[in-house]
Amino acid sequence: MTFGRRAFLAFGFCLAVGAGLAAAVPASAHHGWRWAEDGNFEITGTIILARLGNPHGLVRLDVNGEKWTIEVGQPWRNDRAGLTDAHFAEGNEITVSGHRSKDPNERLVKAERVIVDGKTYDLYPERG
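Before going into details, it helps to say that this report is about the structure given with it. (Residues numbered from 1 in each chain as written. Predicted model: local features only at pLDDT ≥ 70, side-chain atom pairs only at ≥ 80, totals over all residues. Heavy atoms only, no water.)

## Brief notes about the overall build of the chain
Okay, step 1: The number of helices and strands found in the chain is two helices and six strands.
Okay, step 2: Start at the N end of the chain and walk to the C end: the helices and strands fall as α-β-β-β-α-β-β-β.
Okay, step 3: Burial statistics for the chain: of 128 residues in total, 32% are counted as buried.
Okay, step 4: For the chain, the accessible surface area stands at approximately 7,800 Å², while carbon and sulfur atoms represent 56% of it. (Helix = DSSP H or I, 4+ residues; strand = E, 2+ residues; numbered from the N terminus. Buried < 20%, exposed > 50% of the residue type's maximum accessible area, 1.4 Å probe, protein only. Areas by Shrake-Rupley, 256 points an atom, 1.4 Å probe, with all protein chains shown as cover.)

Spelled out as structure tokens, the structure:
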């Protein structure tokens, strides 16, 4: 192997690692709670769309004509709370208690609790 080829392979490896790290940064910046306000926020609306799965479920609500996105739990967290896909069926009315995005122009809420038909499902019991 010549120096030129070795340098080319090293450059390619570094480029691949750098691209992987760059792709991971936006994903990790979104997860967690830093993007959300500290205070509790509650909202009630009608489900118009649900995409459940990893890394977490997303539910779109119609709230008096405004579209809101709700982050619900990962599949295991929803299961642990007692939530099923049927709870997130289009047309169901739900109330979500959680934390709103710090960006006032973003209609996004991270759910801690979901209330369906008067029953509360606690996604984060450890948060009290």
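So that's the structure; there's more coming.
## Topic: the pattern of salt bridges
Okay, step 1: Counting across every chain of the model gives seven salt bridges.
Okay, step 2: For the salt bridge of glutamate 112 with arginine 113, the shortest nitrogen-to-oxygen distance reads 3.6 Å.
Okay, step 3: Note that aspartate 122 and arginine 113 form a salt bridge whose closest N and O atoms lie 3.5 Å from each other.
Okay, step 4: Each member of the salt-bridge network shares a partner with another, and the members are Arg77, Arg80 and Glu126. (Salt bridge = Lys/Arg side-chain N within 4 Å of Asp/Glu carboxyl O.)

## Considering the pairing of strand β4 (residues 93–100)
For a regular strand, side-chain orientation follows a simple rule: the groups alternate between the two sheet faces.
Okay, step 1: Along β4, seven of the eight residues are buried, which leaves the element largely enclosed by surrounding structure.
Okay, step 2: With six bridges connecting them, strand β1 (residues 41–51) and β4 associate as antiparallel partners. In the strand pairing of β4, phenylalanine 41 is matched with glycine 98. (Pairing = 2+ DSSP bridges.)

## Some thoughts on the side chain of asparagine 78
Okay, step 1: Looking at the element boundaries, asparagine 78 is found in helix α2 (residues 75–81).
Okay, step 2: Residue class for asparagine 78 comes out buried when judged on its relative accessible area of 6%.
Okay, step 3: Separated by 3.1 Å, the side chain of asparagine 78 and the backbone oxygen of glycine 73 make a polar contact.
Okay, step 4: Aside from chain neighbours lying at most four places away, what touches asparagine 78 is Val72, Gly73, Leu83, Phe88 and Leu123. (Polar contact = N/O pair within 3.5 Å; in protein donor to acceptor, adjacent residues only side chain to side chain. Contact = heavy atoms within 4.5 Å.)

Function cannot be inferred from these measures alone, as they are strictly geometric.
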